[in-house]
Amino acid sequence: MRRIVGEDPDFSSLGEEMWRMVKGLYPICRSITGEGLRETLRVIGEHIPLRTRELPTGKRVLDWTIPMEWNVREAFVENSRGERVIDFEDHNLHLLGYSHPLDAKMGLAELKKHLHTLPDHPDWIPYRTSYYDDNWGFCLSQNQLEGLPEDSYHVRIDTTLEEGHLSYGECIFPGEVEDEVLLSCHACHPSMCNDNLSGIALTTALGKLLSEMPSRRFTYHLLFAPATIGAIAWLSENLDRVGRVRHGLVVTCVGDPGHMTYKRSRRGTARIDRAVELILRESGEEYEVMDFSPWGYDERQYCSPGFDMEVGSLTRSSHGRYPEYHTSADDLDLVRPEHLSDSLRKYLAVIDVLENDRKYLNTVARGEPQLGRRGLYRAVGGGTSEERMLSLLWVLNLSDGDYGLMDIAKRSGLPFRVIREAAGELLKTDLLREI
Ligand code: ZN
C-alpha cells in the first residue's frame, strides 16, 4: 500500500503556510494576461518546480484567440480639488478589468455610467471585468458612490492593451504510469482570497506533498492558468496528451468556512466522483454533491463534449454561492488557515483513494480463512480492535475479483484508510493477491 504523506502531517502548520501564501499573493493585480499573472506564477515557482508557458496575442486556441496583454500603471478618478476619490492604489478591484486607457474630464452623470456598485452590500467593492468588450470603468462601494457630489471629475486610466502573451504554469510529478491526475486552478483574479488564491495555495501545498511521496502510481499534473482562456489554451496546446488524464479536480474556493461541496464530472459516475463522495461521506460532516452543469470554473472546458474528461470540482462554498463571491469581502478574513488545512486533508484523502484503489483476490474463497494461524487475530491494546477485525473480514469477503478497495470501503461503511491498511496486512500473508 502506498502512503500518501508522512505518518501524520502537521495540518495546522500546513494551514498557516497556505494562508501566508494567500496573504503574500493578495495585493497583486492579476488578470487573464499581464505582469500580475506572471508575478503570481513566479511566486508559485518558489515553492514547486513550475514551468511557465507564454502564448502570443492572436494565437488561435480551439475556438478562441489569445487576447491583447493588459497591464496597469495607475488609474484614478480625481475631483476638481485634485483629490483622488477612487484610486486603483487603494484596492485593485476599483478598476474594471481590461479597462482601456483614458484621460478625460466629465461630470458626475457621465462618470456614473461607468461606475459599478453593490447596493445590497454598501461597503463592498464588486469585481467586474470586460475582457472581450472594449470598455472602461471603476468599481466602488455604494457608500463611496453616494458620497460623490456633482463636480468636474478627471478620469485617468494609464493601462496598456498591447500585443503580448498569455501565461500559464504547469508542474508535473511523474509516477509509475503515464496516466495523469490533473489538479487545475485558475490564477487570474486580482485581490480575492477564496475564489482564486485559496486554490493556488492548496494546489501548491499538494504539489509539495506529492513531491515528497516516496513513490507515486499516477503522474500528477498541476496547472495554474487564467480561467476559461487559460484552460482552453492549455487544452489546445496539449491535444496529443490530454487523453492521459484519468482523473482530475478543479481546485478553488477551499478556504472559507462553508461545508464541502463536490460538483461531479459530466459523466457523473467516474472514479473521481466515487472517490470524492466516499471521502465526504466518511468525514461525517455536512456536505453537498451537485451534478455537472456547463457553468462554473474550468470543469466547463475539461468536461466539454470533445474532451469529456473525468474531472470534477471540490470546493467549500461553491461558485457564486456565497455572499462575498466576486467582491472585496472575499478577503483574508474570509479565508482561514483551519479551513485551508481541512480542505487539504480531504484532497489528500481523495488522492489516497485514487492511488490505492485496487482489486485483489482472496485465495481461500471457500469459508473464512483462519486468521489466528497467520497472526492476524491478535489482541490490540488489551482487546481485539473490532474495526480492524471487521476490515480484514470485509476485504477477504469482497475480494472476489469484482470489488475494489473503494467499493469495499463504501459497502462496509469503514474508512478507506482502514480498508487500505487491512489489505496491506493481508498482502503480507498468503491470503490475498493482486489481480
Ligand atoms: Zn471568479
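Above this note sits the structure.
Here's a quick rundown of the structure. The shown structure was predicted, so the numbers you read here are calculated from the model rather than taken from an experiment. (Residues numbered from 1 in each chain as written. Predicted model: local features only at pLDDT ≥ 70, side-chain atom pairs only at ≥ 80, totals over all residues. Heavy atoms only, no water.)

This paragraph deals with the coordination of the zinc ion. Protein coordination of the zinc ion is provided by H189 (NE2), D195 (OD) and H326 (NE2), with donor distances spanning 2.0 to 2.1 Å. One chain supplies every donor to the zinc ion, and in sequence these donors are spaced H-x5-D-x130-H. Judged on exposure class, the residue H189 and its partner D195 are both buried. (Donors = N, O, S within 2.8 Å, 3.2 Å for Na, K, Ca; no water. Buried < 20%, exposed > 50% of the residue type's maximum accessible area, 1.4 Å probe, protein only.)

Let us look at the packing of helix α11 (residues 405–412) against helix α12 (residues 416–427). Running from N to C, α11 and α12 point in directions that differ by 125 degrees, and their axes come no closer than 9 Å. Relative to α12, the element α11 is oriented oblique. Crossing handedness for the pair α11 and α12: right-handed. Across the interface between the two elements, L405, M406, I408, A409 and S412 from α11 touch F416, I419, R420 and A423 from α12. Partitioning the contact of α11 with α12 into residue classes produces seven nonpolar, one polar and one charged. (Axes fitted to C-alpha atoms, helices over the stretch in contact; angles between N-to-C directions. Helix = DSSP H or I, 4+ residues; strand = E, 2+ residues; numbered from the N terminus. Parallel < 35°, antiparallel > 145°, perpendicular 65-115°, else oblique. Left-handed = near helix turned anticlockwise from the far one by under 90°. Contact = heavy atoms within 4.5 Å. Nonpolar A, V, L, I, M, F, W, Y, C, P; charged D, E, K, R; others polar.)

Attention now goes to the packing of aromatic side chains. A full pass over the atoms with the stated rule returns seven aromatic pairs. Ring plane angle 75 degrees and centroid distance 5.6 Å describe the contact between W64 and Y132, whose orientation is recorded as edge-to-face. Separated by 68 residues along the polypeptide, W64 in strand β3 (residues 64–65) and Y132 in the loop between β7 (115–116) and β8 (138–139) bring together distant segments of the chain. Aromatic side chains W70 and Y98 sit 5.5 Å apart centroid to centroid with 25 degrees between the ring planes, which places their arrangement in the stacked category. With W70 in strand β4 (residues 69–78) and Y98 in the loop between β5 (84–87) and β6 (102–106), this residue pair connects regions lying 28 residues apart in the sequence. We classify Y98 as buried; its relative accessible area is 4%. A cation sits over an aromatic face here: R84 above F76, 3.7 Å from the ring centre. (Phe/Tyr/Trp six-rings, centres within 6.5 Å; stacked < 30°, edge-to-face > 60°. Lys NZ or Arg CZ within 6 Å of the ring centre and 35° of its normal.)

That is the geometry; function is a separate question.
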